[in-house]
Amino acid sequence: MSKIFFRDRRFWLIVIAFSAIALAHYFSPQERAFGAYTLGRHTVERIAFILPIVGATCFFGARGGLSALALALIAMLPRVFFVSPNPADALIETLAVALVGYAVVWAIETQAREKRLRQELSARLEHAYRRLQMLYDTAQTLNATLEQQTVLDRLARATAHALSVRACSIRLLDETGARLNVAAAYGLSDAYIQKGDLILAQNPLARAVLAGEVIAIDDVARDQRLQYPMHAIAEGIRAMLSAPLIGKRGPLGLMRAYSTEPAHFSADDAIFLSAIASQGSIALENALAYRQLGKLDQMKSAFVLTVTHELRSPVSVIQSLLRTLNAGYAGEMDERQRDIAERALHRADFLQTLIGDLLDLAAGKSELGAEDATEISLSDAATQVVRRFQIPAEEKQIRLEQICKCRGAPIKTRAPRNGVDRVLNNLVSNAIKYTPAGGRVAVTVCCANDHAQIEIADTGIGIPDDAMPHLFEEFYRAPNAKLYEKEGTGLGLAITRDLVTRFGGRIAAQSKFGEGTTFVVTFPGA
Ligand code: ADP
């Protein structure tokens, strides 16, 4: 310490100034003239002692200033008692210098202390702000997905970055609730990750964390509570911080941050990790619920698929029997009987449509109907759908036309052929169905740099504003559509959106009630 002191140039500057003033105090002439004023009895040198006191306080703090003040007194007092012809005046001057010197030290030190406090406070505020920002960013990142593994991977990475440590791992309880398996890790070697599960019965530390405690291990080499201390040492880990992941129904697992420095984690870090773990628990629970929902939805779809499949054949048989009856092959029927048979056939046809829609919907969800994607020309697909619906449109006195807003290369996308046809069929048949006679339906193909669009616009009944949010829901039919056209399953748009999403595309609708509707399907470029 003293070595550093003696090497400091500022120290020697003060020593030289001090010695020069002390020498002047004893060997300079008695009086000096400053303009009209004359200062005598070494007053100037006494005042000059304030300078090294100020310097020492500025450079070395209050202790430096007080030491300089004590030295100044030691230098001045012999003169007061042994040399000065007027000791009383000299003593008063010396005490005045001491008083002023002390006031200067106090003022400088108070200011310096305030400055230090302000700096400390702003550093702490900045640190807290950075952490808050990180917490917010972590929450944003986690909420951006519902896929469980992505949530866990992002959580591990974000935690290691936010705490500025080497690694982080997340362990989740297995089905038995007796072990903790690694579910995600960041910054750890494969050997470390695969070292084995944490067995709760043998691990009091993990048990305490799952009970809600946040626990720091300052030195892995000395802590008896670890199940795999040697693995941690081999990995270069010196300190750990563990926090619980707790869901609504109890503990889900724990997360751990690892540092290569012993005693790295502070109380502040523990609070921070606990906050991240709370965010993580919510995101994890959402992802688990989403996964569960997905499984249930698939089970429901598989069930619907089986039931509707079983229904299809008997309904086909009923349709063909009714057609036979209507054609008179089973003998002549009177008017009333024919009317009943025709109505029955009509209902059976609708039932067959419903079965077809249900099968398509269920097949899409249970991924049984997945078909290979091929390169498709959207202009060709549009031409074909317009051709297919030309006669039904004419029968309803609707003008159906195709418009191409692309120049140059044909617009292509990669998608299953049947899927694209199904999408266009649904939208064009709806447009014709919900447009009164004399109206117009236009199928427009537009292209951009990396995607292509098909717009199906009609001048039909339109969709009420409050129906717009429900349009793609299964079995939903807007009230004006139900009035205008009795038959409809409300499944066509749900199937369409499902298909478009699976191609990597998007579908959107714009409508003005009573004036018409436009559906825009965006396909990714091939
Ligand atoms: P469906 O036509 O069998 O009722 P969809 O799923 O195809 O079922 O359509 C759902 C609902 O969306 C329709 O009932 C109707 O209210 C509305 N809709 C769809 N296309 C149009 C359109 N071109 N014009 C007006 N309404 C439409």
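The preceding data block contains the structure.
About the criteria used
- Along each chain, residue indices are assigned from 1 in the same order as the chain's sequence is written.
- Restriction of local features to residues with pLDDT of at least 70 applies here, the model being predicted, together with a cutoff of 80 or more for giving and counting side-chain atom pairs; totals for whole chains, interfaces and linings are based on all residues.
- Only hydrogens and water are set aside when side-chain values are computed; all heavy atoms of the structure are taken into account.
- Helix and strand definitions here come from DSSP, where helices need a minimum of 4 consecutive H or I residues and strands a minimum of 2 consecutive E residues; each element is numbered from the N-terminal end.
- Whether two residues are in contact is decided by their heavy atoms, any of which lying within 4.5 Å being enough.
- Counting of polar contacts relies on pairs of N or O atoms within 3.5 Å, with two restrictions inside protein: one atom must be capable of donating a hydrogen and the other of accepting it, and residues adjacent in sequence are counted only when both atoms are side-chain atoms.
- One bridge is not enough; two strands pair if DSSP finds at least two bridges between them.
- Helix axes are fitted to C-alpha atoms over the stretch in contact, other axes to C-alpha atoms as well, and angles between N-to-C directions run from 0 to 180 degrees.
- To estimate the expected span of a helix, count its residues, drop one, and scale the result by 1.5 Å.
- The cut-offs for exposure are 20% and 50% of the maximum accessible area for each residue type, with area from a 1.4 Å probe on protein chains only; residues under the lower value are buried, those over the upper are exposed, and the others partly exposed.
- For this purpose, a residue is taken to be near a molecule or strand whenever a single non-hydrogen atom of the residue falls within 4 Å of it.
- Shrake-Rupley sampling with a 1.4 Å probe provides the accessible areas, and residues are treated as covered by the protein chains on show and by no other component.
- Each residue gets one of three labels, nonpolar for Ala, Val, Leu, Ile, Met, Phe, Trp, Tyr, Cys and Pro, charged for Asp, Glu, Lys and Arg, and polar for the others, Gly among them.
- Between 30 and 60 degrees the pair is tilted, below 30 it is stacked and above 60 it is edge-to-face, where a pair is any two Phe, Tyr or Trp rings, Trp via its six-membered ring, whose centres lie within 6.5 Å.
- Working definition of a nonpolar core: buried Ala, Val, Leu, Ile, Met, Phe, Trp, Tyr and Cys residues. They are joined through side-chain atoms within 4.5 Å.
- Take a side-chain nitrogen of Lys or Arg and a carboxyl oxygen of Asp or Glu: if they are within 4 Å of each other, that pair is a salt bridge.
- Roughly parallel here means an angle under 35 degrees, roughly antiparallel means over 145, roughly perpendicular means 65 to 115, and every remaining angle is called oblique.
- Crossing chirality is assigned from the near helix's rotation relative to the far helix, an anticlockwise turn below a right angle marking it left-handed and a clockwise turn marking it right-handed.

What follows covers the environment of Arg 256. Within the secondary structure, Arg 256 is located in strand β8 (residues 250-259). Spatially, the C-alpha atom of Arg 256 lies 59 Å from that of Asp 458, the residues being 202 residues apart in sequence. Residues contacting Arg 256, with those up to four places away along its chain left out, are Ala 167, Cys 168, Ser 169, Leu 198, Leu 205, Met 240, Leu 241 and Ser 242. One polar contact links Arg 256 to Ser 242, side chain to side chain, over a distance of 2.8 Å.

As for its placement among the helices and strands, Gln 352 is situated in helix α11 (residues 335-365). If we skip the residues at most four places from it in the chain, Gln 352 touches Arg 312, Val 315, Ser 316 and Gln 319.

Quick look at the sheet that holds strand β3 (residues 167-173) now. The strand order across the open sheet formed by six strands is β5-β4-β3-β8-β7-β6, and the pairing between neighbours is antiparallel. Single-partner strands in this sheet number two, and they are β5 (198-199) and β6 (215-217). Two elements, strand β4 (residues 179-186) and β5, share two bridges in a ladder whose sense is antiparallel. Its bridge partner being in β5, Leu 180 is matched across the sheet by Leu 198. Lying over the sheet, helix α6 (residues 148-162) contacts β3, β4, β7 (239-247) and β8, oriented at roughly 65° with respect to β4.

Relative to the 16 Å expected for twelve residues at 1.5 Å per residue, helix α16 (residues 492-503) spans 17 Å between its end C-alpha atoms, a close match to the ideal helical length. All of the buried residues along α16 are Gly 492, Leu 493, Ala 494, Ile 495, Thr 496, Leu 499, Val 500 and Phe 503.

This part is about the site of the ligand. Residues in contact with the ligand amount to 20 residues; listed here are only the nearest, Asn 430, Tyr 434, Arg 477, Thr 489 and Leu 493. Between the ligand and Lys 433 there is a distance of 3.1 Å, counted from an oxygen atom to a side-chain nitrogen or oxygen. A distance of 2.9 Å is found between an oxygen atom of the ligand and a backbone nitrogen or oxygen belonging to Thr 489. Against a free-state accessible area of 530 Å², the protein chains account for coverage of 98% of the ligand. Those elements that place two or more of their residues in the shell around the ligand are α14 (417-433), α16 and β15 (516-524). A total of three residues in the shell around the ligand trace back to one element, the largest contributor, which is α14. Its residues placed into classes, the shell around the ligand shows ten nonpolar, seven polar and three charged.

Our focus in this paragraph is the packing of aromatic side chains. Summed over the entire model, instances satisfying the criterion amount to six aromatic pairs. For the pair Tyr 192 and Tyr 258, a centre-to-centre distance of 5.8 Å together with 85° between the ring planes defines the contact as edge-to-face. With Tyr 192 in helix α7 (residues 190-193) and Tyr 258 in strand β8, this residue pair connects regions lying 66 residues apart in the sequence. Across this residue pair, the class does not change: Tyr 192 and Tyr 258 are buried.

Now for the nonpolar core. One finds Leu 400, Val 420 and Ile 456 to be the most contacted residues of the largest nonpolar core, which totals 47 residues. Here this core gets seven residues from one element, more than from any other, and that element is α14. Residues contacting Ile 456, with those up to four places away along its chain left out, are Leu 424, Leu 427, Val 428, Ala 431, Val 441, Ala 442, Val 443, Thr 517, Thr 518 and Phe 519. Core analysis: the second largest hydrophobic core is formed by 30 residues, Ala 156, Ala 239, Ala 243 and Ala 270 among them.

Attention now moves to the pattern of salt bridges. A full pass over the atoms with the stated rule returns 18 salt bridges. One salt bridge in this structure joins Asp 8 and Arg 10, with 2.8 Å as the shortest N-O distance. Judged by relative accessible area, Arg 10 falls into the partly exposed class, the value being 36%. One salt-bridge network, held together by shared partners, links Asp 357, Asp 360 and Arg 422.

When two helices pack together, their arrangement is given by the angle between their axes and by how far apart the axes lie. Relative orientation of the contacting elements helix α12 (residues 378-388) and α14 amounts to 45°, with a least axis distance of 10 Å. As summarised for this structure, α12 and α14 are arranged oblique, according to the angle between their axes. As for how α12 packs across α14, the hand of that crossing is right-handed. Seen from α12, the contacting residues are Leu 378, Ala 381, Ala 382, Gln 384, Val 385 and Arg 388; seen from α14, they are Arg 417, Val 420, Asp 421, Leu 424, Asn 425 and Val 428.

Turning our eyes to something else, we now look at the sheet that holds strand β12 (residues 440-447). The strand order β10-β12-β13-β15-β14 describes an open sheet built from five strands, whose pairing is mixed. Lying at the two open borders of the sheet, with one neighbouring strand each, are β10 (399-404) and β14 (506-512). Sheet twist, expressed as the average angle between the axes of neighbouring strands with direction ignored, equals 15°. Across eight bridges, strand β13 (residues 451-458) lies against β15 in antiparallel orientation. The partner of Ile 454 across the bridge, within β15, is Val 521.

Within a regular strand, side chains alternate between the sheet's two faces. The buried fraction of β8 is high, at nine of ten residues. Note: β3 against β8, six bridges, orientation antiparallel. Looking across to β8, one finds that Arg 171 is bridged to Leu 254. Note: β7 against β8, nine bridges, orientation antiparallel. Residue pairing in the sheet places Pro 244 in a bridge with Leu 254 of β8. Hairpin connection, β7 to β8: the antiparallel pair is bridged by two residues.

Turning next to unusual backbone geometry. Of note in the backbone geometry, Ser 164 takes a positive phi value of approximately 50° without being a glycine. You can see Ser 164 is positioned in the loop between α6 and β3. Residue Ser 164 is classed as exposed on the basis of its relative accessible area, which comes to 58%. Here Gln 397, not a glycine, exhibits a phi torsion of approximately 55°, which is positive. Inspection of the secondary structure assignment puts Gln 397 in the loop between α13 (390-395) and β10. Residue classification places Gln 397 among the exposed positions, given a relative accessible area of 57%.

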